[in-house]
Amino acid sequence: MIVTTRFAPSPTGILHVGNVRTALHNWLWARKHGGRFLLRIDDTDLERSKEEYVEGIRADLAWLGLDIDGEERQSARFALYEAEFEKLKAAGRVYACYETPEELDIRRKVLLSRGLPPVYERKSEGAPVPEGIAPHWRFRLDHDAPIEWADMVRGPQHFEPKTMSDPVVRRADGSWLYLLPSVIDDIAMGISHVVRGEDHVSNTAAQIQMFEALGAAPPAFAHEALLVGTEGKLSKRLGSLGMANLRDAGIEPIALVALLARLGTSDPVEPVTSPEPLVESIDFARFGRAPARFDEAELALLGQKILHHTDHGAVADRLPAAITAARWNAIRPNLMTVAEAAGWVPVFDGPFAPPPAGDGDGPVLAAAAAAAPGIDWEADPWHSLTAAVKEATGAKGRALFLPLRRALTGRDHGPDMAELLPLIAKDEAVVRLSAA
Ligand code: GLU
């Protein structure tokens with residue numbers, strides 16, 4: 001068996017963090033097993049589906065590094081659905097229904113008022129067929145056998161089909177609901193594992209019988225707990241938090257991948273710089289049943305940690321040429337985003353506006369300006385400079401280091417000066433110290 005997974009979004013909106021998490025888990029699982037990861041565009045709803053969303057989905061997956069091994073579109077597959085539907089009809093597994101929504105609603109309320117579960121009641125075989133009404137279609141659940149599967153996240157699952165309504169699979173206008181086309185595609189595309197949110201668990205129960213009715217063994221299922229925000233009110237933000245928002249905030253895709261791969265699992269979130277360790281370690285048995293909490297602040301922090309050991313080569317195409325590998329290594333512990341690196345170019349190469357000297361910094365700066373021209377910049381200029389100034393003025397600690405850092409970088413905080421100073425040209429440093 002070739003492990004084949006699919007990500008099956010409806011192109012009726014942008015991908016948000018929750019969808020991306022599902023896509024990622026499908027991708028990780030396929031990559032772990034050397035299998036295939038398909039993108040299936042669930043665009044049976046022709047009115048609400050938009051091409052711009054399809055393009056957005058592709059772009060987001062590419063940005064995240066979730067490469068696909070094929071793309072399918074449900075709107076191109078109606079002929080197949082029609083043929084499979086006819087087979088089920090001939091076998092008596094789908095049947096025509098004529099109730100109006102109002103009738104169904106009344107019936108539901110009557111059942112509930114009697115304390116009964118609001119399960120759809122099939123009409124008897126010989127019930128009269130109303131004239132001039134186009135039917136909608138339901139799938140006939142087999143009531144005789146319990147539905148069971150071993151869910152990779154939730155463990156053994158058990159449903160009594162008698163307690164379930166026969167699901168509607170096709171509307172009176174001929175359009176498809178999600179359930180049946182999805183099963184037909186999962187069979188046709190050889191899907192071995194269906195990974196999706198736990199909001200689909202009861203769909204799975206019905207779909208397992210559809211697989212069987214179509215003569216196929218059902219795939220394995222993993223239903224993951226849903227993603228929630230840190231606060232109740234953040235869930236709304238979570239639902240609208242798209243990849244463009246994150247990209248604009250300077251979040252690196254690997255940070256989101258690293259967080260979403262492990263959130264809600266018993267494995268720790270780690271600041272990885274490539275997805276390989278996540279591919280190796282994905283294991284649905286380690287996914288929890290409780291909702292996973294997504295925290296944007298945690299994402300930003302993780303992103304920062306990842307940046308701090310990201311190699312120059314991985315970001316060079318987004319850095320100014322002046323940020324060489326050595327300069328990148330020096331400044332990366334102080335960056336929140338890659339874009340911030342550009343702000344350090346003037347620190348290295350100017351133009352440089354000297355900050356006003358603090359009270360009492362005069363002697364330290366004067367001693368530094370006097371010592372700097374004689375220092376060997378190839379060796380360890382920061383230690384030579386501070387040693388010379390200390391000897392000349394007796395200054396030490398903060399009173400020694402801060403005025404020099406300020407005069408040389410224009411900032412109060414920043415990378416280790418021993419690493420930074422050799423990366424500023426000696427002439428430039430001498431000018432800065434003399435000007436201070
Ligand atoms: N289009 C469905 C959804 O977005 C797909 C569910 C599935 O993975 O089967 O909910």
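Read on for an overview of the structure. In this numbering scheme, every chain counts its residues from 1 along its sequence in written order. Reporting of local features is limited, given that this is a predicted model, to residues whose pLDDT is at least 70; pairs of side-chain atoms are given and counted only at 80 or more, and all residues count toward the totals for whole chains, interfaces and linings. The side-chain quantities take in all heavy atoms of the structure and omit both hydrogens and water.

1. Here we look at the site of the ligand
Taken together, R6, A8, S10, D42, Y178, S182, R196 and H200 make up the full set of residues adjacent to the ligand. Whenever a nitrogen or oxygen atom comes within 3.5 Å of another N or O atom, the pair is scored as a polar contact, on the condition that within protein one atom can donate a hydrogen and the other can accept it, and that pairs from neighbouring residues in sequence are kept only if both atoms are in side chains. One nitrogen or oxygen atom from the side chain of Y178 is found 2.5 Å from an oxygen atom belonging to the ligand. The cavity that encloses the ligand is the largest pocket. Looking at the shell around the ligand residue by residue, the class counts come to two nonpolar, three polar and three charged. Distances are taken per atom, and a residue is near a molecule or strand as soon as one of its heavy atoms is within 4 Å of it. Cavities and pockets were defined on a 1 Å grid built over protein atoms only: a cavity is a set of grid points that admits a 1.4 Å probe from which the probe cannot escape, a pocket is an open set flanked by protein on both sides within 12 Å along at least five of seven lines, and lining residues are those with an atom within 4 Å of any such point. To be counted as sitting in a cavity or pocket, a molecule needs more than half of its atoms within 2 Å of that site's grid points. Just so you know the grouping, Ala, Val, Leu, Ile, Met, Phe, Trp, Tyr, Cys and Pro go in nonpolar, Asp, Glu, Lys and Arg go in charged, and all remaining residues, Gly too, go in polar.

2. Regarding the nonpolar core
Residues belong to a common nonpolar core when they are buried Ala, Val, Leu, Ile, Met, Phe, Trp, Tyr or Cys residues joined through side-chain atoms within 4.5 Å. Summary of the burial criterion: residues with accessible area below 20% of their type's maximum are buried, those above 50% are exposed, and those between are partly exposed, where the area comes from a 1.4 Å probe applied to protein chains only. Membership of the largest hydrophobic core comes to 49 residues, with the highest contact counts inside it found for V17, L256, L260 and F294. Secondary-structure elements contributing two or more residues to this core are α1 (17-32), β2 (36-41), α2 (51-64), α8 (243-248), α9 (253-262), α10 (276-281), β12 (292-294) and α11 (296-307). Those residues in contact with L256 that lie beyond four places of it in its chain are V20, L64, M243, L246, F294 and L299. Counting 38 residues, the second-largest nonpolar core is a separate cluster that includes L319, I375, A395 and L423. We count a stretch as a helix when DSSP gives it H or I for four or more residues in a row; a strand needs E for two or more, and each element gets its number in order from the N terminus. Any pair of residues with heavy atoms lying within 4.5 Å of one another is described as a contacting pair.

3. A short note on empty space enclosed by the protein
Grid points are joined across faces, edges and corners, and a volume is the space filled by probe spheres set on the points. Enumeration over the complete set of coordinates arrives at two cavities of 30 Å³ or more. Each pocket or cavity is described by its volume, and for the largest cavity that value is around 60 Å³. The wall of the largest cavity is formed by L28, A261, R262, T265, D267, L278, S281, I282, D283, R286 and F287. Its boundaries defined by the atoms lining it, the second largest cavity holds a volume of some 40 Å³. Forming the walls of the second largest cavity are P355, P356, A357, G358, D361, L365, P403, R406, A407 and A436. Element by element, the count of residues in the lining of the second largest cavity is highest for helix α17 (residues 398-409), at three residues.

4. Things to note about α17
Taking 1.5 Å of rise per residue, twelve residues should cover 16 Å, and α17 covers 16 Å from first to last C-alpha, within 8% of that figure. L400, L402, P403, L404, R405, A407, L408 and T409 are the residues of α17 that are buried. Where α17 is buried, its residues meet α14 (345-349), α15 (362-371), α16 (381-393), α18 (417-420) and α19 (426-435). Backbone geometry just downstream of α17 places G410 in the positive-phi region, at approximately 75°. What a helix is expected to span follows from its residue count: subtract one and scale by 1.5 Å.

5. A few points about the environment of S240
Counting through the fold element by element, S240 comes out in helix α7 (residues 234-240). Overall, the relative accessible area of 43% leaves S240 in the partly exposed class. For the pair S240 and G18, spaced 222 residues apart in sequence, the C-alpha separation works out to 9.8 Å. Among residues more than four places away in sequence, those in contact with S240 are I14 and N245.

6. Considering the side chain of H25
Residue placement: H25 occurs in helix α1. Given the relative accessible area of 0%, H25 is considered buried. For H25, the side chain forms a polar contact with the side chain of E224, separated by 2.5 Å.

7. What about the packing of aromatic side chains?
For this analysis, a ring pair means two rings from Phe, Tyr or Trp (six-membered ring only for Trp) whose centres lie within 6.5 Å, classed as stacked if their planes differ by under 30 degrees, edge-to-face if by over 60, and tilted for the remaining angles. Scanning the entire structure with this criterion turns up nine aromatic pairs. Measuring from ring centre to ring centre gives 5.5 Å for F85 and W176, while their planes differ by 80°; the resulting arrangement is edge-to-face. Taken together, the positions of F85 in helix α3 (residues 78-90) and W176 in the loop between β8 (168-170) and α5 (179-188) put the pair 91 residues apart, joining distant regions of the chain. Joined through ring pairs, the aromatic side chains of F78, Y81, F85, W137 and W176 make up one cluster.

8. What to know about the sheet that holds strand β5 (residues 136-139)
The pairing criterion for strands is at least two bridges between them, as found by DSSP. If you walk across this open sheet you meet the three strands as β4-β5-β8, and the pairing is antiparallel. With one partner strand each, in any of the chains shown, β4 (94-97) and β8 form the two edges of the open sheet. With direction set aside, neighbouring strand axes in the sheet form an average angle of 45°. Bridge analysis of β5 against β8 gives two bridges, and the strand direction is antiparallel. From the neighbouring strand, R138 faces β8, where its bridge partner is V168. All axes are obtained by fitting lines to C-alpha atoms, using only the stretch in contact for helices, and the reported angles, taken between N-to-C directions, cover 0 to 180 degrees.

9. So, the pattern of salt bridges
A pair is scored as a salt bridge if a Lys or Arg side-chain nitrogen falls within 4 Å of a carboxyl oxygen belonging to Asp or Glu. Enumeration according to the criterion identifies 27 salt bridges in this entry. For the salt bridge of R31 with D67, the shortest nitrogen-to-oxygen distance reads 3.3 Å. One end of the pair, R31, is in helix α1; the other, D67, is in the loop between α2 and β3 (71-73), with 36 residues separating them in the sequence. Owing to a relative accessible area of 21%, R31 belongs among the partly exposed residues under this scheme. Linking D186 and R40 is a salt bridge whose minimum nitrogen-to-oxygen distance equals 3.1 Å. Here D186, found in helix α5, pairs with R40, found in strand β2; they are 146 residues apart in sequence, far enough to count as distant. R40 matches D186 in its accessibility class, with the two residues each being buried.

10. What to know about the packing of α15 against α16
Between α15 and α16, the least distance of the axes is 9 Å, while the angle of their chain directions is 125°. The angle between α15 and α16 falls in the class oblique. Once α15 is placed against α16, the crossing between them reads as right-handed. Here α15 contributes P363, V364, A367, A368 and A371 to the contact with α16, which in turn contributes L385, A388, V389, A392 and T393. Among the residues forming the contact of α15 with α16, the class breakdown is nine nonpolar, one polar and no charged. Angles are sorted into four bins: roughly parallel if under 35 degrees, roughly antiparallel if over 145, roughly perpendicular if 65 to 115, and oblique for all others. Put simply, a crossing is left-handed when the front helix is turned counterclockwise from the back one by less than a right angle, and right-handed when it is turned clockwise.

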